[in-house]
Amino acid sequence: MTSEKESRKEKINAYKQMKHRAGVYRFISKETGVYALAASMDLKGIQNKYAFAQKMNMPGALPWTIADEAKKYGMETIDLEELELVDIKDEMTNQDIKEELDVLLELWQEKLTNEAE
């Protein structure tokens, strides 16, 4: 029988080995088109945060620009969009993924800025 400490270590190692979905996303107001653009190494965590904020009707759990929109128009007017995922290869380190995310985020900022003009 494994001890509780060994079991905990196994769970931690399994979590560290798990592949996360990384990518660029945005929260966007359906009412006004105002959005908050960001990138994350853990999109599942972002989805969970968004679902929690909606369930609990907590605009404050969202980025401040979107929180203001949610307070004015309601949480149901805020969408979470995954814009682009990083194609994570087995040989990529966390630093490689972060660098890829930085590039993708910059490209999306330019694209969305150009669309607005």
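Reading guide: rules and limits
- Residues numbered from 1 in each chain as written.
- Predicted model: local features only at pLDDT ≥ 70, side-chain atom pairs only at ≥ 80, totals over all residues.
- Heavy atoms only, no water.
- Salt bridge = Lys/Arg side-chain N within 4 Å of Asp/Glu carboxyl O.
- Helix = DSSP H or I, 4+ residues; strand = E, 2+ residues; numbered from the N terminus.
- Buried < 20%, exposed > 50% of the residue type's maximum accessible area, 1.4 Å probe, protein only.
- Pairing = 2+ DSSP bridges.
- Axes fitted to C-alpha atoms, helices over the stretch in contact; angles between N-to-C directions.
- Contact = heavy atoms within 4.5 Å.

(A) Structural view of the pattern of salt bridges. This structure, assessed with the given rule, holds 4 salt bridges. A salt bridge links Arg 21 to Glu 82; its shortest N-O distance comes to 2.3 Å. You can see Arg 21 sitting in the loop between helix H1 (4-17) and strand E1 (23-29) and its partner Glu 82 sitting in strand E3 (residues 78-85), a full 61 residues away along the chain. A relative accessible area of 37% means that Arg 21 is categorised as partly exposed. Between Asp 87 and Lys 89 there is a salt bridge; the shortest N-O distance is 2.7 Å.

(B) Focus on the sheet that holds E3. Read across the sheet, 3 strands follow the order E2-E1-E3 without closing on themselves; strand pairing throughout is antiparallel. In this open sheet, the two edge strands, each paired with only one partner strand, are strand E2 (35-40) and E3. Adjacent strand axes in the sheet meet at a mean angle of 20 degrees, parallel and antiparallel pairs treated alike. Two elements, E1 and E3, share 7 bridges in a ladder whose sense is antiparallel. Within E3, the residue paired with Arg 26 across the bridge is Glu 81. Most of the contacts of helix H2 (residues 43-56) go to E3, to which it runs at about 175 degrees, and overall it touches E1, E2 and E3.

Nothing here speaks to function; it is all geometry.
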